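# Close look at the chain arrangement
Spelled out, the chains give:
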Amino acid sequence: MTQKVAWITGGSSGIGAATAQRLAKEGWVVAVTGTSPGKIEVLCDKDPKFLKSYPGDVTKPKLMAELVETIEQDLGPIQLALLNAGILVEDGVENFTAATLKKQFDVNVLGVGNCLEPILKKFQDRRYGHIAITASVAGYRGVKGMMSYGATKAALINLAEGLAIETEGSGIKVQVICPGMINTPMTKDLEFPKKFSMEPEAAAEKLVAGLKSRVFEIIFPWHFCLAMKLPALLPHRLYIWLAHKYFRKL
Ligand SMILES: NC(=O)c1ccc[n+]([C@@H]2O[C@H](COP(=O)([O-])OP(=O)(O)OC[C@H]3O[C@@H](n4cnc5c(N)ncnc54)[C@H](OP(=O)(O)O)[C@@H]3O)[C@@H](O)[C@H]2O)c1
């Protein structure tokens, strides 16, 4: 029997690292990608039989295409690609720059594209594969203090939905993951009540359960996600007024 092989980008810390460890416990061999080889080595040392180090920067298209080939040569065909790498730079009117917008699009959106292109070709040829893209509840509607980050995540939700439509019935499964607030290095400096957040290990439990399900959108923690989803249904003017008045300030 061939072994189950997963590729996780942004696997060196936070949600990605916790999910890699969770999948490893279930017998998946997980290729872990991130820009910090040191962090990945420390993670892989925890379970060397199942966690494998494949460092790389998702903003480099050629490198990502080569990485997919290397992983498959070393470990066998990838069955699950969790495209999860991301960065967050808080911005609002006071500090908005085109450079911070570009930087986040480069990693969060084009980074996904650079990984999606080679893996999608493989999955199309095999008529089999599972692609999961990590977006965010910040992608549902505009969010105060996260203008650019929210825009990248909205783009990913749309991209995943388009991909799901394109691949429906083809043997390729597509899901989008919209976490609420998870306690990771990314959110450590954000001010929010901890009672609304979740630890990465608990998030990984929910994420892996979601991957096994038929839902398109995987959300956790559900109460935080619901609190973001319901206002997102409001008419634009009412939503903008409420979000301006009640969302946290930078
Ligand atoms: N935490 C939350 O509350 C939350 C909520 C919604 C969505 N998300 C999303 O969940 C995903 C994981 O975030 P996290 O919270 O777990 O944060 P994190 O711990 O900071 O993880 C981010 C990961 O992305 C990797 N990464 C960043 N730039 C990269 C690049 N250019 N190439 C390859 N890897 C890169 C990082 O690896 P290196 O440091 O090694 O580069 C790290 O492994 C992100 O897409 C984030 O937007 C998080």
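The following paragraphs examine the structure supplied in this document. (Residues numbered from 1 in each chain as written. Predicted model: local features only at pLDDT ≥ 70, side-chain atom pairs only at ≥ 80, totals over all residues. Heavy atoms only, no water.)

## Description of the packing of aromatic side chains
In total, this model carries 0 aromatic pairs according to the counting rule given. Its end group placed over the ring of Tyr239, Arg141 keeps NZ or CZ at 4.4 Å from the ring centre. (Phe/Tyr/Trp six-rings, centres within 6.5 Å; stacked < 30°, edge-to-face > 60°. Lys NZ or Arg CZ within 6 Å of the ring centre and 35° of its normal.)

## A closer look at the packing of helix H4 (residues 98-126) against helix H5 (residues 147-167)
Where H4 meets H5, the axes come as close as 8 Å, and the angle between the chain directions of the two elements is 20 degrees. One finds that H4 runs roughly parallel with respect to H5. Along this stretch, H4 crosses H5, giving a crossing that reads as right-handed. On the side of H4, the interface is formed by Leu101, Gln104, Phe105, Asn108, Val109, Val112, Leu116 and Leu120, while H5 contributes Ser148, Tyr149, Ala151, Thr152, Lys153, Ala155, Leu156, Leu159 and Leu163. (Axes fitted to C-alpha atoms, helices over the stretch in contact; angles between N-to-C directions. Helix = DSSP H or I, 4+ residues; strand = E, 2+ residues; numbered from the N terminus. Parallel < 35°, antiparallel > 145°, perpendicular 65-115°, else oblique. Left-handed = near helix turned anticlockwise from the far one by under 90°. Contact = heavy atoms within 4.5 Å.)

## Description of the environment of Ala17
In this fold, Ala17 is placed in helix H1 (residues 14-25). Considering only alpha carbons, one finds Ala17 and Lys39, 22 residues apart in sequence, at a separation of 9.7 Å. Every residue in contact with Ala17, bar those within four places of it in the chain, is listed here: Gly10, Gly11, Ser12 and Leu43.

## What to know about the pattern of salt bridges
Opposite charge on two side chains makes pairing possible when the charged atoms of those side chains draw close. Counted by the stated rule, this structure contains 11 salt bridges. Salt-bridge contacts for Lys102 lead to Asp106; the nearest nitrogen and oxygen are separated by 2.7 Å. Of this pair, Lys102 and Asp106 both sit in helix H4, 4 residues apart, roughly one helical turn. Assessed through its relative accessible area of 22%, Asp106 is described here as partly exposed. The residue Lys229 makes a salt bridge to Glu217 at a minimum N-O spacing of 2.9 Å. Of this pair, Lys229 sits in helix H7 (residues 222-229) while Glu217 sits in strand S7 (residues 217-220), and the two are 12 residues apart along the sequence. Each of the salt bridges in this network shares a partner with another, and the network as a whole consists of Arg22, Glu26, Glu205 and Lys212. (Salt bridge = Lys/Arg side-chain N within 4 Å of Asp/Glu carboxyl O. Buried < 20%, exposed > 50% of the residue type's maximum accessible area, 1.4 Å probe, protein only.)

## Here's the deal with the site of the ligand
Not every one of the 31 residues close to the ligand is listed here, only the nearest: Ser13, Thr35, Tyr149, Ile182 and Thr184. In this structure, Ile15 approaches the ligand through a main-chain N or O atom, which is 2.8 Å from an oxygen atom. Here Tyr149 contributes a side-chain N or O atom positioned 2.6 Å from an oxygen atom of the ligand. Considering the ligand on its own, with 880 Å² of exposed area, one finds that the protein chains cover 92% of that surface. Of all the secondary structure elements, the ones that give two or more residues to the shell around the ligand are H1 and H5. Looking at side-chain class alone, the shell around the ligand contains 12 nonpolar, 16 polar and 3 charged residues. (Near = heavy atom within 4 Å. Polar contact = N/O pair within 3.5 Å; in protein donor to acceptor, adjacent residues only side chain to side chain. Areas by Shrake-Rupley, 256 points an atom, 1.4 Å probe, with all protein chains shown as cover. Nonpolar A, V, L, I, M, F, W, Y, C, P; charged D, E, K, R; others polar.)

## As for the pairing of strand S5 (residues 129-134)
Where a strand is regular, its side chains alternate between the two sheet faces. Among the 6 residues in S5, 6 count as buried, and that is most of the element. The two faces of S5 match: Gly129, Ile131 and Ile133 on one face and His130, Ala132 and Thr134 on the other face are all buried. Taken together, strand S4 (residues 80-83), H4 and S5 form a β-α-β motif whose crossover is right-handed. With H5 bridging S5 and the parallel strand S6 (residues 172-179), this β-α-β connection has right-handed handedness. (Right-handed = clockwise from strand over helix to strand, strands pointing away.)

## Observations concerning the side chain of Glu72
With respect to the element layout, Glu72 can be found in helix H3 (residues 61-75). Here Glu72 falls in the buried class, since its relative accessible area comes to 13%. Those residues in contact with Glu72, other than ones at most four positions away along the chain, are Pro77, Ile78, Lys122 and Arg126.

## A few points about the side chain of Gln79
Inspection of the secondary structure assignment puts Gln79 in the loop between H3 and S4. Judged by relative accessible area, which is 15%, Gln79 ranks as buried. With sequence-adjacent residues up to four places away left out, Gln79 is seen in contact with Gln3, Lys4, Val5, Trp28, Phe123, Tyr128, Gly129 and His130.

## Brief notes about the packing of H3 against H4
In contact at an axis separation of 7 Å, H3 and H4 are set at 40 degrees when each is read in the N-to-C sense. Classified by the angle between their axes, H3 and H4 sit oblique to one another. Crossing geometry of H3 relative to H4 is assigned as right-handed. Of the residues in H4, those touching H3 at Pro61, Met64, Ala65, Val68, Glu69 and Glu72 are Asn114, Cys115, Pro118, Ile119, Lys122 and Arg126. Here the contact of H3 with H4 is composed, by residue class, of 7 nonpolar, 1 polar and 4 charged.

Shape is all these values report; function is a separate question.
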